[in-house]
Amino acid sequence: MIRLRMSAKDAHYGGNLVDGAHMVHLFGDVATELLIMHDGDEGLFVAYDNVEFLAPVYAGDYIEATGEIVKVGNSSRKMVFEAKKVIASRPDISASAADVLEEPIVVCRASGTCVVKKEDQRKK
Ligand SMILES: C[C@H](N)CC(=O)SCCNC(=O)CCNC(=O)[C@H](O)C(C)(C)COP(=O)(O)OP(=O)(O)OC[C@H]1O[C@@H](n2cnc3c(N)ncnc32)[C@H](O)[C@@H]1OP(=O)(O)O
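Residues numbered from 1 in each chain as written. Predicted model: local features only at pLDDT ≥ 70, side-chain atom pairs only at ≥ 80, totals over all residues. Heavy atoms only, no water.

A.B. asks: Would you mind going over the overall build of the protein with me for this structure?
C.D. replies: On a plain count of helices and strands, the protein comes out with one helix and seven strands. Secondary structure elements of the protein, listed N to C terminal, follow the sequence β-β-β-α-β-β-β-β. Oriented by its inertia axes, the alpha-carbon framework of the protein measures out at about 55 × 25 × 25 Å. In the protein, which comprises 124 residues, the share counted as buried stands at 34%. Residue pairs at least 24 apart in sequence account for 69% of intrachain contacts in the protein once pairs closer than 6 positions are excluded. For the protein, the accessible surface area stands at approximately 7,300 Å², while carbon and sulfur atoms represent 51% of it. Between the mean site of the 15 positive side-chain charges and the mean site of the 19 negative ones, the protein shows a separation of 5 Å. (Helix = DSSP H or I, 4+ residues; strand = E, 2+ residues; numbered from the N terminus. Buried < 20%, exposed > 50% of the residue type's maximum accessible area, 1.4 Å probe, protein only. Contact = heavy atoms within 4.5 Å. Areas by Shrake-Rupley, 256 points an atom, 1.4 Å probe, with all protein chains shown as cover. Lys, Arg positive; Asp, Glu negative; His and termini not counted. Charge placed at Lys NZ, Arg CZ, Asp CG, Glu CD.)

Next up, the structure:
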């Protein structure tokens, strides 16, 4: 699990909106950690088969990104990912106001496949 605060530098669009690619970037880091735990190697992402952006993310929000390996092939590892907003910035109240969300908001879901070549797999 990766927990990260979206900074003003991450805002890319009007109204301090963070670009969706940022969630995909987090999923790449989650995938890398899962592969290190599973195979002792960072592996390579070969394809996403689905990415859904379900709620907007703004500068000042805190995001938790999680993932799970759901299928193991010869060299492929299929994974599912979820990003949740756990703290929301409240610029409507003040520039520094923020709320801890009682119910985290799912902002992005994705699934994809990574590859760890046979010769790079260190945990047989
Ligand atoms: C997670 C990382 N640490 C961080 C990254 O995101 S890395 C940056 C982005 N990725 C890359 O730069 C990778 C570029 N791609 C490659 O170098 C190669 O494509 C590859 C090494 C990833 C795969 O090449 P190759 O070994 O020749 O592939 P194959 O032999 O055809 O397939 C290997 C297994 O992968 C399965 N597979 C292939 N394509 C897909 C696909 N589009 N969707 C799902 N699965 C795919 C294929 O079925 C093989 O599976 P098994 O070995 O049978 O389990």
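A.B. asks: What should I look at first to understand the nonpolar core in this one?
C.D. replies: Generally speaking, a soluble globular protein has its nonpolar side chains buried in company with each other. Residues M23 and I63 are the most contacted members of the largest nonpolar core, which totals 21 residues. Those elements that place two or more of their residues in this core are α1 (21-39), β5 (62-72), β6 (76-89) and β7 (98-115). Sort the elements by how many residues they give to this core and α1 lands first, with seven residues. (Core = buried A, V, L, I, M, F, W, Y, C linked by side-chain atoms within 4.5 Å.)

A.B. asks: What is the right way to look at the sheet that holds strand β1 (residues 2-5) in this model?
C.D. replies: By way of backbone hydrogen bonds, the strands of a sheet pair with one another, either parallel or antiparallel. With antiparallel pairing, the five strands of this open sheet are ordered in space as β1-β5-β6-β7-β4. Each edge of the sheet is formed by a strand with only one pairing partner; in this case those strands are β1 and β4 (44-53). The mean inter-strand angle of the sheet, taken between neighbouring strand axes irrespective of direction, is 25°. With eight bridges joining them, β4 and β7 adopt antiparallel strand pairing. Across the sheet, residue E52 finds its bridge partner in β7, namely R109. (Pairing = 2+ DSSP bridges. Axes fitted to C-alpha atoms, helices over the stretch in contact; angles between N-to-C directions.)

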